[in-house]
Amino acid sequence: MSDQNTSPRTEWPLWEIFIRGQHGMSHRHVGSLHAPDAEMAIKNARDVYTRRNEGVSIWVVEAEKITASSPSDKGPMYEPSQSKVYRHPTFFDIPDDVGAM
Amino acid sequence: MYAQMVKSENTDNGPELDAFQVRIDAGEKIEPKDWMPAGYRKTLIRQISQHAHSEIVGQLPEGNWITRAPTLERKAILLAKVQDEAGHGLYLYCAAETLGVSRDELTEMLLDGRMKYSSIFNYPTLTWADIGAIGWLVDGAAIMNQVPLQRTSYGPYARAMVRICKEESFHQRQGYDIMMKMAQGSDAQKRMAQDALNRYWYPSLMMFGPSDKESVHSAQSMKWRIKINSNDELRQKFVDQTVPQAEYLGLTVPDDNLRLNPETGHYEFSEPDWSEFFEVLNGNGPCNKERLEARNKAWDDGQWVRDGMMAHARKKAARAAASQVAAE
Ligand SMILES: [Fe+2]
Ligand SMILES: [Fe+2]
């Protein structure tokens, strides 16, 4: 036990796991796990996240390679889409006589 | 529960704290990079890790019967159930890690006794009927606690709970299925089933933890929505649900004071022996030593595998990088 504390840490890196649930759907983040490399991450993901037919395809990405937006940007980052209501089709009144549009 | 008597940290205050509470009260989920009070973070790390450790240590009492299951089918089922529990531990460790602790740190704190796991897993599995009783009662009690936690305020924790709850009902049903078989079997099998219920009834009630009516920790945790129901509420719900299931099996709940109160519609029942609970929690249960030794042995024996695989991965990566340079 004592030599463990002095040896350098060898914790396996963390991987984020994305799974395509069914054909035709996009991959969705399902969780994360530790693995020494990408190949093992896929094998582990199969055991941890697809024990009940949850997927037909797996992506793994090393967690530290992901760049994320910061939560404090929330307001300024997304505000412009709030003020441009004309981007939504419901902004325009089209007479019923015109038919489906 | 799987996380028993989790102390909540009292916390900093200020405008950020007020805004944080507003978000919780509005039912918003808190995500890893959001601002959160230090106490919220600390309490969650403690609670989620204790829950994760319980899933992992909880494999041991059941693992005891994998090689001795009565049929090949029962063996396959139990193996799948125990594998699920390993998965539950992993989902939860990952949720805890989003709060800024490392997996190895958490593991070490379990192994040297700084962190706890549920008291229930310190009881032995003496007969096959115990495997039935664990699925029925222990997973049943866990479900009571985990279902509301799907709505907890911390996003990664809530999502882990959703996955776990999807898998738990298989666990409880396989346990009850074992109990039905035993209860309808020979006299010896019936006695075994009754004996398992006798030994697991009170430890199952203890899983919810002592009454927390006056607990400040519970009040703070409920305010943060990392605890949804009181311990007594969940225990009552468990008893109300379980007693008719025992009757269906033709088994007797080992409690002379058990009776249905026709006015409230709830069962009245005896409290478990709380001094026993504290003894077990403090390391003096029947199997505490054995459980921790088994986990320590698995961790130590696995060291060369973890190191070897990491060394292999590094070597492969270095080789790939070198051949790319050569190609350029
Ligand atoms: Fe579980
Ligand atoms: Fe379970």
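In what follows, the structure referred to is the one given above.
Just so you know, these numbers come straight off a predicted model, no measurement behind them.

(A) Representation of the overall build of chain A in the model. In terms of helices and strands, chain A carries three helices and three strands. In sequence order, chain A lays out its α and β elements as α-β-β-α-β-α. Considering only residue pairs separated by 6 or more positions, chain A has 42% of its internal contacts joining residues 24 or more positions apart. Summed over all atoms, the accessible surface of chain A reaches about 7600 Å², with 55% contributed by carbon and sulfur.

(B) How the structure looks around the coordination of the iron ion (ligand 1). Residues and elements named next belong to chain B. With distances of 2.1 to 2.5 Å, the protein atoms coordinating the iron ion (ligand 1) are Glu55 (OE), Glu85 (OE), His88 (ND1) and Glu168 (OE). Donor residues for the iron ion (ligand 1), ordered by position in the chain, follow E-x29-E-x2-H-x79-E. In this structure, the iron ion (ligand 1) lies 3.3 Å away from the iron ion (ligand 2), the two metals sharing Glu85 as a donor. With a gap of 33 residues between them, Glu55 in helix 2 (residues 38-57) and His88 in helix 4 (residues 72-97) connect regions that are remote in the sequence. Neither residue differs from the other here; Glu55 and His88 are each classed as buried.

(C) Looking closely at the sheet that holds strand 1 (residues 14-20) of chain A. Residues and elements named next belong to chain A. One open sheet holds the three strands; their spatial order is 2-1-3, and the pairing between them is antiparallel. The open sheet is flanked by strand 2 (27-34) and strand 3 (57-62), the only strands paired with a single partner. The average angle at which neighbouring strand axes cross in this sheet is 25°, direction not considered. As judged from the seven bridges shared by strand 1 and strand 2, these two strands associate in the antiparallel manner. Following the sheet pairing, Ile17 is matched in strand 2 by Gly31.

(D) The interface of chain A and chain B, seen in detail. With 25 residues of chain A at the interface, the matching set in chain B holds 27 residues. Carbon and sulfur atoms supply 48% of the area buried between chain A and chain B, which totals about 2300 Å² over both sides. At the surface where chain A touches chain B, the tally comes to seven salt bridges. Residue Arg52(A) pairs with Glu167(B) through a salt bridge whose shortest N-O separation is 3.5 Å. Scanning the region where chain A abuts chain B turns up 12 residue pairs in polar contact (both at pLDDT 80 or more). In terms of residue count, helix 2 (residues 38-49) of chain A provides more of the side of chain A that touches chain B than any other element does, five residues in total. Tallied by class, the residues present in the side of chain A that touches chain B amount to 12 nonpolar, four polar and nine charged.

(E) Representation of the environment of Ser119(B). All names here are of chain B. Here Ser119 shows up in the loop between helix 5 (103-111) and helix 6 (128-149). Between the alpha carbons of Ser119 and Met206 there is a distance of 7.9 Å; along the sequence they are 87 residues apart. With near-sequence residues (within four places) excluded, Ser119 lies in contact with Gln4, Phe277, Val280 and Leu281.

(F) Molecular detail of the pattern of salt bridges. Residue and element names in this part refer to chain A. Under the definition given, this model contains 28 salt bridges over all chains. Lys65 serves as the salt-bridge partner of Glu62, at 3.5 Å between the closest nitrogen and oxygen. On the basis of relative accessible area, Glu62 is assigned to the buried category, the value being 18%. Residue classification places Lys65 among the exposed residues on the basis of a relative accessible area of 60%.

(G) Representation of the coordination of the iron ion (ligand 2) within the structure. Each protein donor to the iron ion (ligand 2) is listed here as Glu85(B) (OE), Asp139(B) (OD), Glu168(B) (OE) and His171(B) (ND1); together their distances run 2.0 to 2.3 Å. Of note is the iron ion (ligand 2), whose four donor atoms meet at the metal with angles of 84 to 170° in an arrangement that counts as irregular.

(H) Fine view of unusual backbone geometry. Non-glycine residue Asn53(A) carries a positive phi angle of around 55°. With phi around 55°, Arg225(B) is a residue other than glycine that occupies positive phi space. Here Arg225(B) is to be found in the loop between helix 9 (216-223) and helix 10 (231-249). By relative accessible area, which is 28% here, Arg225(B) ends up partly exposed.

Criteria and cut-off values
- Residues numbered from 1 in each chain as written.
- Chains lettered and ligands numbered in written order.
- Predicted model: local features only at pLDDT ≥ 70, side-chain atom pairs only at ≥ 80, totals over all residues.
- Heavy atoms only, no water.
- Helix = DSSP H or I, 4+ residues; strand = E, 2+ residues; numbered from the N terminus.
- Contact = heavy atoms within 4.5 Å.
- Areas by Shrake-Rupley, 256 points an atom, 1.4 Å probe, with all protein chains shown as cover.
- Donors = N, O, S within 2.8 Å, 3.2 Å for Na, K, Ca; no water.
- Buried < 20%, exposed > 50% of the residue type's maximum accessible area, 1.4 Å probe, protein only.
- Pairing = 2+ DSSP bridges.
- Axes fitted to C-alpha atoms, helices over the stretch in contact; angles between N-to-C directions.
- Buried area = accessible area lost by both parts, 1.4 Å probe.
- Salt bridge = Lys/Arg side-chain N within 4 Å of Asp/Glu carboxyl O.
- Polar contact = N/O pair within 3.5 Å; in protein donor to acceptor, adjacent residues only side chain to side chain.
- Nonpolar A, V, L, I, M, F, W, Y, C, P; charged D, E, K, R; others polar.
- Tetrahedral: all angles 85-135°; square planar, octahedral: opposite > 155°, others 65-115°.

Remember that the coordinates give geometry; whether it matters functionally is a separate question.
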